[in-house]
Structure formats: structure tokens, C-alpha cells
Amino acid sequence: MRFFSSRENLLPAALLLAIGIALVAFNLIVTARRSLIPLALDAEVIDIDIRREKHPPLDDVHLVTFSDGRTMQVDREIAGKFIVGDQLRKRRSETTLLVNDRPLALAWSADAQGMSPAMRVAAIALAGVAVMAASSRIA
Amino acid sequence: MRGIATFAAFLIVPALAIAFGYGIWLGHRTDYVGHFLAGAGGALALLSIAAFAIRLSSGIALGWPVVGICLVAIALGAVTEATIFRNAKFDEVDFANQSLGAVLAGLGVLAIDLRERWNLGLTALGLAASVVLLATGWHYAFL
């Protein structure tokens, strides 16, 4: 068996696959950032806003505004661990957050942990269909 | 029959594989798989009609039009996520998941068309599948 490449589909399929892989990476980055682990922080909490979504409390949105101007969505597991006025400090990629100089252990949320294998499956499936979109088998 | 098998192999099976991935590892967030399925269904409806229209009216390659339609579907998804489906905020992860569904639908249509030139039967199949995907997606995203 051999394969021939469909020239007319090669670039469009490659572009769609690239968009798909970018979306996979985006999902991984966004869910990881919500744990605060990848980020460096040295700011005071000036507002915490909890907003309801479709399946409360599972998908409640916890928005934290920092004194450096950033407003970020954070995992609900850690959003309840600090209050307005707390000073938060950590280095990039560290799993310990200092809340008013008291250490708080950070962990990857169920979302971040689940996203990694789920997006691996998505990337493999997209790549498989992309190969099939750009090539056909000759018996 | 061959058209149905090709359709299943390049669209339904990969969509189910990805959906099961969400279900197994992100089962606590049914809205994620809901958005993925709805994105695939919405894009597939647009792609099915557009692919048939292109195949009827001209002999041009389907590749770039499919990319364009996928981008339109992704943009429509962004607009609906920011407006009528906006609850707490514009959810970037919901947007990414529904866009992944649109990308899979685009790649699937290209893979199918390469083997079975897109025809009326595939259009009907695509529209029927899109209704099922949208209804299932709605169920998991909102109910």
C-alpha cells in the first residue's frame, strides 16, 4: 500500500491542524494559569468577584484583581484562600504562594490535570484526520 | 453505504474519541465537552451546505473554502459566546473547545471529500449529524 498526497488539500489541512494545535495549547495554558503556578506575583489583592455560571458551584468564575492592574480568573480551590488586602508574592513556576508572608501550597486544579490528557487525545485525533485530509491510500 | 462508512471514519469516530477524552478526564466539567460537540455540529451544518453548493456549481478545490468556513464558524462562536451565551464572562476555554470542534469538522469534510466527492447524500448525513451534535452539545453545556 502507498499513499499519495492531495496537493490541493495539503496547505488547507496543515493550516486547520495548526489552528487546532494552537487551540489545544491555549486550553492547556489558560487552565494552568488559573492555578497561579506558572505566574510571578508581587501584588495586593484589591478585589475578588465570584460570578455564577451554568453549573454552580462547579463552574463559578473567581476573578481576582491585583494592585498591579491585572484581573485574573483563578481556580476556585485557591480563590477562597486569600481575601481583599492580602499581599501575594511568588516567583514564576513556584508551587508556594506567600500570602502576607505565610506559605500556601499551590496545586494543579482538576481542570488543569484533566486538560493535559484530554488535549493529547484531541491533538492525536486532529492530526490523524489532517493526514487523511491531505493524503489518500492507493491499494 | 461507503459514504456512511467514510463519514463515520473521518468525522464521527474522531469526534467520539475526543468527546470520550473530555468525559474521562474532565467529566466534572460537562460544559467543556458540550461546547466541543456544539462547535463541531454548528460548523458541520455550515460546511455540509457550502461543500454541496461548491460541488454543484464549480469544480474548484474544497480546501481553502473549508478553511474560510471554519474561520467563519469560529468567529460566529466567539460572537455568540460573548453575547447570548455569556454568563459570568467570556469563557476562553469554552471558546477554544467549540473552536476545536469546528476545526475537526473542517478536517473531516476535507478527508471525506477526498474519497467520496461531497454529494447530496453526504450533505443530508452532515446536516443530520450536526443536529445530533448540537442537541448533545446543548445538553452537556447547559442542562
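From a predicted model like this one, the values you see are computed outputs, not experimental measurements. (Residues numbered from 1 in each chain as written. Chains lettered and ligands numbered in written order. Predicted model: local features only at pLDDT ≥ 70, side-chain atom pairs only at ≥ 80, totals over all residues. Heavy atoms only, no water.)

Outline the overall build of chain A, supporting the account with residue identities and numerical values.
Helix and strand counts for chain A come out as 3 helices and 8 strands. Reading chain A from its N terminus to its C terminus gives the helix and strand order β-α-β-β-β-α-β-β-β-α-β. Its C-alpha atoms give chain A a radius of gyration of 21 Å, more than 25% over the compact-globule value 14 Å for 139 residues. Along the first, second and third principal axes, the C-alpha atoms of chain A reach 70 × 35 × 25 Å. Burial status across chain A gives 45% buried among its 139 residues. A separation of at least 24 residues holds for 59% of the contacts in chain A among residues at least 6 apart in sequence. (Helix = DSSP H or I, 4+ residues; strand = E, 2+ residues; numbered from the N terminus. Rg over C-alpha atoms; globule rule 2.2 N^0.38 Å. Buried < 20%, exposed > 50% of the residue type's maximum accessible area, 1.4 Å probe, protein only. Contact = heavy atoms within 4.5 Å.)

Talk me through the packing of aromatic side chains; I want residue IDs and the actual numbers.
All names here are of chain B. A full pass over the atoms with the stated rule returns 3 aromatic pairs over all chains. For the ring pair tyrosine 22 and phenylalanine 36, a centre distance of 5.6 Å and an interplane angle of 35° mean the geometry is tilted. Of this pair, tyrosine 22 sits in helix α1 (residues 2–25) while phenylalanine 36 is found in helix α2 (residues 30–57), placing the two residues 14 residues apart along the sequence. Accessibility assignment for this pair places tyrosine 22 and phenylalanine 36 in one class, buried. Taking 4.6 Å as the distance between ring centres and 45° as the angle between the ring planes, the aromatic pair formed by tryptophan 138 and phenylalanine 142 counts as tilted. With tryptophan 138 and phenylalanine 142 both in helix α5 (residues 120–142), this residue pair falls 4 residues apart, about one helical turn. Under the relative-accessibility criterion, phenylalanine 142 is labelled partly exposed at 25%. (Phe/Tyr/Trp six-rings, centres within 6.5 Å; stacked < 30°, edge-to-face > 60°.)

Hey, could you go over the interface of chain B and chain A for me, with residue numbers and the actual values?
Contacts between chain B and chain A engage 46 residues on the former and 46 residues on the latter. Buried area between chain B and chain A, summed over both chains or domains, comes out near 3800 Å², and the portion from carbon and sulfur atoms is 72%. Summed over the shared surface of chain B and chain A, the result is 3 salt bridges. Residue glutamate 92 of chain B is joined to arginine 34 of chain A by a salt bridge in which the shortest nitrogen-to-oxygen separation is 3.0 Å. In this structure, the connection of chain B to chain A is made through 8 residue pairs in polar contact (both at pLDDT 80 or more). For the side of chain B that touches chain A, the elements supplying multiple residues, two or more each, are α1, α2, α3 (63–82), α4 (92–115) and α5 of chain B. By residue class, the composition of the side of chain B that touches chain A is 29 nonpolar, 10 polar and 7 charged. (Buried area = accessible area lost by both parts, 1.4 Å probe. Salt bridge = Lys/Arg side-chain N within 4 Å of Asp/Glu carboxyl O. Polar contact = N/O pair within 3.5 Å; in protein donor to acceptor, adjacent residues only side chain to side chain. Nonpolar A, V, L, I, M, F, W, Y, C, P; charged D, E, K, R; others polar.)

Mind laying out the nonpolar core, listing which residues take part and the relevant values?
Counting residues in each nonpolar core, the largest one holds 58 residues, and the members touching the most others are Tyr22 and Leu107 of chain B. Mapped by element, the contributors of at least two residues to this core are α1 (7–33) and α3 (110–134) of chain A together with α1, α2, α3, α4 and α5 of chain B. Sorting elements by how many residues they give to this core places α4 of chain B first, with 13 residues. What tyrosine 22 of chain B contacts, discounting residues up to four positions off in sequence, is Asn27, Ala118 and Met119 of chain A together with Gly27, Tyr32, Val33, Phe36, Asn97 and Leu100 of chain B. Leu39, Ile78, Ala79 and Leu104 of chain A belong to the second largest nonpolar core, which has 18 residues in total. (Core = buried A, V, L, I, M, F, W, Y, C linked by side-chain atoms within 4.5 Å.)

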